[in-house]
Amino acid sequence: VARVVVVGSVNVDLVVRVERLPGAGETVIGRDYARHHGGKGANQAIAAARLGASVAFVGAVGDDDLGRAALAALEAEGVDVGGVSVVAGVPTGVALIVVDASGENQIAVASGANAAVDAANVKRSLGSSASAGGDGGDGGDGGVLLTGFELPGDAVLAAARAAVERGMTLVINPAPARPLPGELVALGPLLVPNEHEAATLTGRADPAEACAVLAGLTGAPAIVTLGAAGALLCRGGDQIERLPAPAVDAVDTTGAGDTFMGALAAELATRSSLAGAARFAVAAASLSVTVAGAREGIPPRDQVEAMLRSA
Ligand code: RIB
């Protein structure tokens, strides 16, 4: 079975739908209010599981009702949560999300327990999680380890080092963007930011240029997601492949990037080619935006395959 380990964040999403996103200092009035399970890491874990991978999740929640509900939601999708810490005295992460009529969003995250995930925590969890291949390993475990920037830097670095030690494919979602530490880049991860994050990380507004810069930094391929325009896959130098997305009616783009990441990881874990996995991820992310909520639209595998066949 394709094996994916996600070391990432868990949030509860509090979502208000409005006609248009507020500007600085502005109040906008919405009608509907909804609470969804979220957090980039947990969303990615669920996407990978729904698309057929065996998934272990490493992260943290608070010792509160929101944390218990978040864990139950992961377990209900078959995700191994043995590597999740329950942190006393700290609330579970919360994301305040505003979604406009076109499906675009703005998100502010209160990290809560996610900020308590550190290197020791990650090493311990990866060591004890059965699905994470935590038997001390011979360095050839295989599988994919996916991590992202909603966790503190030392936790991300510890996860990345563990992936390389275990011979796992290392995929990093640098979201939200912050400077890439040299030690992380030196591990040669597959970096997968969206176009805005890619611009912040590289100082290049053009996504193709930013993608090439990222691939040049790591010496590995890089992918930049482009929303409705699909994604770019770069392999260094001027080797850039454009992966267009099918046209869909977007209702809510929240979690589209997470669906992309989970789908990419699940496909890479089946030893699919990188371009094949990226095309699969574009189709999965496109389907995901047709339903409201970060996770509600994550499609099952047969829907993604049907979309790829009809493309
Ligand atoms: O990518 C979408 C996610 O970002 C939401 O679920 C929210 O929790 C934030 O982490």
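Residues numbered from 1 in each chain as written. Predicted model: local features only at pLDDT ≥ 70, side-chain atom pairs only at ≥ 80, totals over all residues. Heavy atoms only, no water.

Draft legend 1. Broad picture of the pairing of strand 7 (residues 105-110). Sheet topology places strand 6 (residues 93-99) next to strand 7; six bridges connect them, and they run antiparallel. Across the sheet, the residue bridging to valine 94 is alanine 110, located in strand 7. Linkage of strand 6 to strand 7, two consecutive antiparallel strands, is achieved through a turn of five residues, within which glycine 103 is found at a positive phi near 95°. (Pairing = 2+ DSSP bridges. Helix = DSSP H or I, 4+ residues; strand = E, 2+ residues; numbered from the N terminus.)

Draft legend 2. Just the pattern of salt bridges, in detail. Scanning the model with the defined rule gives nine salt bridges in all. A salt bridge links arginine 161 to glutamate 183, with the shortest nitrogen-to-oxygen separation between them at 3.0 Å. Of this pair, arginine 161 sits in helix 4 (residues 153-165) while glutamate 183 is found in helix 5 (residues 182-185), placing the two residues 22 residues apart along the sequence. Relative accessible area serves as the criterion here: at 48%, glutamate 183 is assigned to the partly exposed category. (Salt bridge = Lys/Arg side-chain N within 4 Å of Asp/Glu carboxyl O. Buried < 20%, exposed > 50% of the residue type's maximum accessible area, 1.4 Å probe, protein only.)

Draft legend 3. Representation of helix 9 (residues 274-288) within the structure. The terminal C-alpha atoms of helix 9, which comprises 15 residues, lie 21 Å apart, in line with the 21 Å expected from a rise of 1.5 Å per residue. Burial of helix 9 is extensive: 13 of the 15 residues sit out of reach of the surface. (Expected span 1.5 Å × (residues − 1).)

Draft legend 4. Molecular detail of the state of the cysteines. By the definition in use, this model includes one disulfide. Here cysteine 211 is linked by a disulfide to cysteine 234, with a sulfur-sulfur distance of 2.0 Å. Negative torsions about the S-S bond denote left-handed disulfides, and the value of about 130° found for cysteine 211 with cysteine 234 makes this one right-handed. Pair noted here: cysteine 211 is in helix 7 (residues 207-218) and cysteine 234 is in strand 12 (residues 231-234), with a separation of 23 residues, a long-range link. Note on cysteine 211: relative accessible area 0%, which makes it buried. (Disulfide = S-S within 2.5 Å.)

Draft legend 5. Seen up close, the packing of helix 1 (residues 40-50) against helix 8 (residues 256-269). At a closest axis distance of 7 Å, the pairing of helix 1 and helix 8 adopts a crossing angle of 45°. The angle between helix 1 and helix 8 falls in the class oblique. In terms of crossing hand, the pair formed by helix 1 and helix 8 is right-handed. Of the residues in helix 8, those touching helix 1 at Lys40, Asn43, Gln44, Ala47 and Ala48 are Asp258, Thr259, Met261, Gly262, Ala263 and Ala266. Considered class by class, the residues forming the contact of helix 1 with helix 8 number five nonpolar, four polar and two charged. (Axes fitted to C-alpha atoms, helices over the stretch in contact; angles between N-to-C directions. Parallel < 35°, antiparallel > 145°, perpendicular 65-115°, else oblique. Left-handed = near helix turned anticlockwise from the far one by under 90°. Contact = heavy atoms within 4.5 Å. Nonpolar A, V, L, I, M, F, W, Y, C, P; charged D, E, K, R; others polar.)

Draft legend 6. Looking closely at the pairing of strand 12. Of the two faces of strand 12, both are covered, the one formed by Ala231 and Leu233 as well as the one formed by Leu232 and Cys234. Here strand 11 (residues 222-225) runs beside strand 12; their pairing, made up of four bridges, is antiparallel. What sits directly across from valine 224, in strand 12, is leucine 232. A loop of five residues connects strand 12 with strand 13 (residues 240-243), the two strands running antiparallel in sequence, and glycine 236 in this loop sits at a positive phi of about 95°.

Draft legend 7. Region of interest: the site of the ligand. Neighbouring the ligand are 13 residues, the closest being Asp13, Gly39, Asn43, Glu150 and Asp258. Within the side chain of asparagine 11, an N or O atom sits 3.0 Å from an oxygen atom of the ligand. A distance of 2.6 Å is found between an oxygen atom of the ligand and a side-chain nitrogen or oxygen belonging to glutamate 150. In the complex, the protein chains occlude 97% of the 280 Å² of accessible area that the ligand would expose alone. (Near = heavy atom within 4 Å. Polar contact = N/O pair within 3.5 Å; in protein donor to acceptor, adjacent residues only side chain to side chain. Areas by Shrake-Rupley, 256 points an atom, 1.4 Å probe, with all protein chains shown as cover.)

Draft legend 8. Highlighting the side chain of aspartate 13. Within the secondary structure, aspartate 13 sits in strand 2 (residues 11-17). For aspartate 13, the residues in contact, after removing those within four places along its chain, are Ala34, Arg35, His36, His37, Gly38, Gly39, Ala95, Ile97 and Ala294.

Draft legend 9. Spotlight on the packing of aromatic side chains. Inspection of every chain in the model, using the stated rule, returns zero aromatic pairs. Cation over ring: arginine 178 sits above phenylalanine 149, and NZ or CZ is 4.5 Å from the ring centre. (Phe/Tyr/Trp six-rings, centres within 6.5 Å; stacked < 30°, edge-to-face > 60°. Lys NZ or Arg CZ within 6 Å of the ring centre and 35° of its normal.)

Draft legend 10. Fine view of unusual backbone geometry. The residue after alanine 175, namely proline 176, is reached through a cis peptide bond having omega -5°. Tracing the chain through its elements places proline 176 in the loop between strand 9 (169-173) and helix 5. Phi is positive for arginine 271, close to 70°, though the residue is something other than glycine. Residue placement: arginine 271 occurs in the loop between helix 8 and helix 9.

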